[in-house]
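In case you want the letters, here they are:
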Amino acid sequence: MNSSTTVRTARRRTLRVAAAALTAAAALTLTACSGSDAAGAKPANHSDTAKASVESSGAGSSAGVQGSDAQASAGAKADAKTKADTKTGAAGKQAGSAHAANGGRAASPVRTQRLADGISKAEIYQLGDQHYRAKIVARGSVLATMETKGHDDGLDANDMFVTLTLDGQVHSWMGGGHQGPGTFKLAGGWTAKVTKVGELRYRAQIIGHDGVAATLEANQHDVGLDANGINIVLSSGGVISAHE
């Protein structure tokens, strides 16, 4: 081999080595760039994750605060309802106590009195000052109720006449009735002038020596009167009777 051939062979080898070196350098550069991108992407991902975590934490805190406010509001409403229920219960208890106290005086009769027919009796209850109630009872059943409300009361119970006065006195007698309308002489020197005013409605003027002393009016309800110790009953059917 001559010298020119040797020189050309050496140049080709040198070129090959240089090309291999360039290829290796390019591969290293690509690897470094790829590693740099991957390394750079990782912090960005961490930062995004941290940001998402912070935002999620903030949303959770806001929801927690709103939940707390809702619970506090619900608790306040529950407390208000409990207080209102307590007040209502207390008011109901007081009203019930007042009702029991008002009805306490009438819970049992002040006395029981046998009536003129020998079968029935009157249970007398005091409801207040000059306020009495009498239950007419026979064989365990209440046949009628009488009550004084600012005036005496009376009853015609099948020809047994009963009066209840403002001071709680009960008087009863049998018979002696007069069917109105008409004018009738009564016990004690009284005269009764009975007139019909309407259906089951009669009026009786009680007349003494000095004129009309009292007026009874039965409007679908019997009425009675104590006229100076003379007990008078006028029924809603127009029957009048008196007893001393």
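Let me sum up the structure you'll find in this document. Here the residue index of a chain counts from 1 through its sequence in written order. Given that this is a predicted model, residues contribute local features only at a pLDDT of at least 70 and side-chain atom pairs are listed and counted only at 80 or more, while totals for whole chains, interfaces and linings are drawn from all residues. In computing side-chain values, all of the structure's heavy atoms are included and hydrogens and water are not.

**What to know about the overall build of the protein chain**
Then, number 1: The helix count covers DSSP runs of H or I at least four residues long, the strand count covers runs of E at least two residues long, and both are numbered beginning at the N terminus. Within the protein chain, the regular secondary structure consists of one helix and 15 strands.
Then, number 2: Looking at the protein chain as a whole, 24% of its 244 residues qualify as buried.
Then, number 3: Here, residues are in contact when the closest pair of their heavy atoms is within 4.5 Å. Taking the intrachain contacts of the protein chain between residues at least 6 apart in sequence as the baseline, contacts between residues at least 24 apart amount to 31%. Only protein chains enter the accessibility calculation, which uses a 1.4 Å probe; a residue is then buried when its area is under 20% of its type maximum, exposed when over 50%, and partly exposed in between.

**Thoughts on the sheet that holds strand β15 (residues 239–243)**
Then, number 1: At least two DSSP bridges between two strands are required for those strands to pair. With antiparallel pairing, four strands are arranged side by side in an open sheet as β8-β15-β14-β13. A strand with exactly one partner marks an edge of an open sheet, and here the two such strands are β8 (178–179) and β13 (223–227).
Then, number 2: Sheet topology places strand β14 (residues 230–234) next to β15; four bridges connect them, and they run antiparallel. From the neighbouring strand, I232 faces β15, where its bridge partner is A242.

**Describing the pattern of salt bridges**
Then, number 1: Between Lys or Arg on one side and Asp or Glu on the other, a salt bridge is scored when a side-chain nitrogen of the former is within 4 Å of a carboxyl oxygen of the latter. This model, assessed by the stated rule, comprises three salt bridges.
Then, number 2: With a closest N to O distance of 3.1 Å, R133 and E147 form a salt bridge. Here the residue R133 occupies a position in strand β3 (residues 131–138), and E147 occupies one in strand β4 (residues 141–147), the gap between them amounting to 14 residues.
Then, number 3: Of the residues examined, E147 reaches a relative accessible area of 16% and is grouped as buried.
Then, number 4: Measuring nitrogen to oxygen at the nearest pair gives 2.6 Å for the salt bridge that ties R201 to E217. Remark: E217 occurs in strand β12 (residues 211–219) and R201 occurs in strand β11 (residues 201–208); sequence separation between them is 16 residues.
Then, number 5: Salt bridges here are not isolated pairs; linked through shared partners, they connect R201, R203 and E217.

**Section: the nonpolar core**
Then, number 1: In this structure, L186, I206, L216, I232, L234 and I240 are the most contacted members of the largest nonpolar core, which totals 18 residues.
Then, number 2: Among the elements of the structure, β10 (191–198), β11, β12, β13, β14 and β15 are those that each provide at least two residues to this core.
Then, number 3: Sequence-distant contacts of L186, that is, excluding residues within four places in its chain, are made with H178, A192, I206, I232, I240 and A242. Note on terminology: a nonpolar core comprises buried Ala, Val, Leu, Ile, Met, Phe, Trp, Tyr and Cys residues joined through side-chain atoms within 4.5 Å.

**Quick look at the side chain of N231**
Then, number 1: Along the chain, the position of N231 falls in strand β14.
Then, number 2: Judged by relative accessible area, which is 4%, N231 ranks as buried.
Then, number 3: Whenever a nitrogen or oxygen atom comes within 3.5 Å of another N or O atom, the pair is scored as a polar contact, on the condition that within protein one atom can donate a hydrogen and the other can accept it, and that pairs from neighbouring residues in sequence are kept only if both atoms are in side chains. Reaching out from N231, the side chain makes a polar contact with the side chain of T163 at a distance of 3.1 Å.
Then, number 4: The contact partners of N231, leaving out residues within four places of it in the chain, are T163, H171, W173, L225, D226, S241, A242 and H243.

**Some remarks on unusual backbone geometry**
Then, number 1: That bond from G180 to P181 is cis: its omega, 5 degrees, falls within 30 degrees of zero.
Then, number 2: Residue placement: P181 occurs in the loop between β8 and β9 (182–185).
Then, number 3: Even without being a glycine, N158 presents a positive backbone phi close to 55 degrees.
Then, number 4: Tracing the chain through its elements places N158 in the loop between β5 (153–157) and β6 (160–164).
Then, number 5: Residue N158 is classed as exposed on the basis of its relative accessible area of 77%.

**Concerning the sheet that holds β4**
Then, number 1: Taken in spatial order, the four strands of this open sheet run β1-β2-β3-β4, and their pairing is antiparallel. In this open sheet, the two strands that pair with only one neighbour each are β1 (111–114) and β4. The sheet shows a mean angle of 25 degrees between the axes of neighbouring strands, taken without regard to direction. Here the axes come from fitting lines to C-alpha atoms, over the contacting stretch only for helices, and the angles between their N-to-C directions go from 0 to 180 degrees.

**Considering the side chain of S235**
Then, number 1: By the secondary structure assignment, S235 is in the loop between β14 and β15.
Then, number 2: S235 gets classed as buried once you look at its relative accessible area, which sits at 5%.
Then, number 3: Not counting residues up to four positions away in its chain, the partners in contact with S235 are D156, Y202, A218 and D222.

**Things to note about the packing of aromatic side chains**
Then, number 1: The criterion for an aromatic pair is that two Phe, Tyr or Trp rings (for Trp, the six-membered ring) have centres within 6.5 Å, with stacked assigned to planes under 30 degrees apart, edge-to-face to planes over 60 apart and tilted to the rest. On inspection of all chains with the given rule, the structure shows one aromatic pair.
Then, number 2: For the ring pair F161 and W173, a centre distance of 5.9 Å and an interplane angle of 20 degrees mean the geometry is stacked. You can see F161 sitting in strand β6 and its partner W173 sitting in strand β7 (residues 170–174), a full 12 residues away along the chain.

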